[in-house]
Amino acid sequence: MKTVCCRPDPYTENRNLYENSSFTALPGGIRPGGISLTEHLVELCGFNKGDFIADIGCGYGLTAEHLRRKYNFETAGVDLSEFLLKAGTDRVPDLRLIKGKGESLPFRNYSFNGVIAECSLSVMDDPAPVLNEIFRILKPGGKFAMSDVCLRRPEFAESIRKLPLKGCLAGAFIYDELVSILADTGFNLLVHEEHSNLWKEFVANLILNNDYICDIILCGCSVPGKSSIMMPEIVKARPGYFSIVAEKR
Amino acid sequence: MKDNTAQSDMNIICVKCNAVLTIGKVTLAYMGNSFPVDLYKCPQCGLVYIPEDLALGKMNMAEKALEDK
């Protein structure tokens, strides 16, 4: 008994990590909590209809599209990947998706009421300059909402950094360090929530249903079938997930 | 996506119903979480066949991720 599969082989695709078909095929995007967590964060921020909201690391614009449709926000998304941005505007032509780096956002000062970053700061080289840019484009009193991966046992952070991981786990936050950077940047932390159950569910789902993402993100392995065991360093570091809402002072 | 049914080209027969198992969506539940997975199951009684390598490999790994020890 055979199943017929016409999907491309993710291991042989010549694309960047998040452009891989294993990622783009995920209906709700690749982040724990999905759109439900996005809505929760947005509601915590208390944005109003017509507010300008930017999504940093928007991929193909799922969040930007959803927030525009459900809350009538004016949304813009930024991502480095032309491939993903084109996929987004092919899907929704009038979606405002712009190529740009987190470290030099293509927006004017004080132009947004809110900025969202969902599991995207952890894949950037250094969060501090990105947070500076987010601060710059926010209006005074503007809200920054983010959700991302953290290490609940930071004493194992060094061993995680040495692993050949790609993706969010490689840049998982140490929560106290992030809080310190936020304060130095000029943000007041308003809300912090722990969502590690969402992370665990997300990871278990990837393990059971998506070999490629599991191999690359959780096991640091790009060869199929070579990653049956999650690296012990990762288990020890107890990855989790958190969200915060911060306000520009 | 993962094909958890790839190991077997042969027909698998349900011992209870004598029916050939077919591939279908099965929901695994563990520690309050539910996961839809494609596995062989009996079209009559719903008996699910979990290959040994899946049980000892990916399912074991998923359990560890969920247990948070």
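Fair warning: this is a prediction, and the values are worked out from it, not measured in the lab.

## So, the overall build of chain A
Across its full length, chain A carries 10 helices and 7 strands. In chain A, buried positions account for 47% of the 249 residues. Here the contacts in chain A between residues at least 6 apart in sequence split such that 71% fall between residues at least 24 apart.

## Concerning the overall build of chain B
Counting its regular elements, chain B contains 2 helices and 3 strands. Helices and strands appear in chain B in the N-to-C order β-β-β-α-α. The buried share of chain B, taken over its 69 residues, is 17%. Across chain B, every contact between residues at least 6 apart in sequence was considered, and the portion connecting residues at least 24 apart equals 46%.

## A short note on the nonpolar core
Across soluble globular proteins, nonpolar side chains show a tendency to be buried alongside one another. Core analysis: the biggest nonpolar cluster contains 78 residues, and A:Ala54, A:Val115, A:Val149 and A:Ile207 have the highest contact counts within it. The element that contributes the greatest number of residues to this core is helix H8 (residues 196-209) of chain A, accounting for 8 residues. Residues in contact with A:Ile207, not counting those within four places in the same chain, are A:Cys214, B:Lys58, B:Met61, B:Ala62 and B:Ala65.

## Notes on the environment of A:Leu37
Residues and elements named next belong to chain A. Its location among the elements puts Leu 37 in helix H2 (residues 34-45). Counting along the chain gives 110 residues from Leu 37 to Ser 147, while the straight-line C-alpha distance between them is 8.5 Å. Residues in contact with Leu 37, not counting those within four places in the same chain, are Ser 147, His 195, Leu 198 and Ser 243.

## Comments concerning the confidence of the model for chain A
Summarising the model, chain A shows a mean pLDDT of 88, and 88% of its residues fall at 70 or more. When the criterion is pLDDT under 50, residues 1-6 of chain A qualifies, and its contacts beyond four places in sequence or with other chains add up to 6 contacts.

## Some thoughts on the sheet that holds strand S3 (residues 48-49) of chain B
All names here are of chain B. On the basis of which strands lie adjacent, the open sheet formed by 3 strands has the order S1-S2-S3 and antiparallel pairing. Since the sheet does not close on itself, it has two edges, and those belong to strand S1 (22-30) and S3, each with one partner. As paired strands, S1 and strand S2 (residues 33-41) are joined by 9 bridges and run antiparallel to one another. Across the sheet, Leu 28 pairs through a bridge with Phe 35, a residue of S2.

## Notes on the pairing of S2(B)
Residues and elements named next belong to chain B. Hairpin connection between S1 and S2: a loop of 2 residues separates the two successive antiparallel strands, and Met 31 in this loop has a positive phi of roughly 50°. In this sheet, S3 lies alongside S2 in antiparallel orientation, the contact comprising 2 bridges. Bridge pairing in S3 links Tyr 40 to Tyr 49. Two successive antiparallel strands, S2 and S3, enclose a turn made up of 6 residues, where Gly 46 displays a positive phi of approximately 85°.

## Considering H2(A)
All names here are of chain A. Given a rise of 1.5 Å per residue, 12 residues ought to cover 16 Å, and the 17 Å separating the end C-alpha atoms of H2 matches this to within 8%. Leu 37, Thr 38, Leu 41, Val 42 and Cys 45 are the residues of H2 that are buried. Seen end-on, H2 carries its buried residues on one side only, within an arc spanning 135°. Away from its buried face by more than 90 degrees, H2 exposes Ser 36 and Glu 43. Just past H2, the residue Gly 46 takes up positive phi, approximately 70°.

## Some details on the sheet that holds strand S5 (residues 138-151) of chain A
The strands making up a sheet associate through hydrogen bonds between their backbones, and the pairing can be parallel or antiparallel. All names here are of chain A. The 7 strands lie next to each other as S3-S2-S1-S4-S5-S7-S6, forming an open sheet whose pairing is mixed. In this open sheet, the two edge strands, each paired with only one partner strand, are strand S3 (97-99) and strand S6 (187-194). Within the sheet, the average angular offset between the axes of one strand and its neighbour, ignoring direction, is 20°. Taken together, the 9 bridges between S5 and strand S7 (residues 239-248) define a ladder with antiparallel strand orientation. Counted as the bridge partner of Lys 143 is Glu 247 from S7.

## Comments concerning unusual backbone geometry
What you tend to see is this: most non-glycine residues have negative phi, and most peptide bonds are trans. Residue and element names in this part refer to chain A. You will see that Asn 72, though not glycine, has its phi angle at about 60°, which is positive. Looking at the element boundaries, Asn 72 is found in the loop between helix H3 (62-71) and strand S2 (74-79). One non-glycine residue with positive phi stands out, namely Tyr 110, at about 55°. Along the chain, the position of Tyr 110 falls in the loop between S3 and strand S4 (112-118). The class for Tyr 110 is exposed, based on 12 C-beta atoms found within 10 Å.

Parameters and conventions
- Residues numbered from 1 in each chain as written.
- Chains lettered and ligands numbered in written order.
- Predicted model: local features only at pLDDT ≥ 70, side-chain atom pairs only at ≥ 80, totals over all residues.
- Helix = DSSP H or I, 4+ residues; strand = E, 2+ residues; numbered from the N terminus.
- Buried ≥ 20, exposed ≤ 12 C-beta atoms within 10 Å, placed from the backbone.
- Contact = placed C-beta atoms within 7 Å.
- Core = buried A, V, L, I, M, F, W, Y, C linked by C-beta atoms within 7 Å.
- pLDDT = per-residue confidence, 0-100.
- Pairing = 2+ DSSP bridges.
- Expected span 1.5 Å × (residues − 1).
- Arc of directions from axis to C-beta.
- Axes fitted to C-alpha atoms, helices over the stretch in contact; angles between N-to-C directions.

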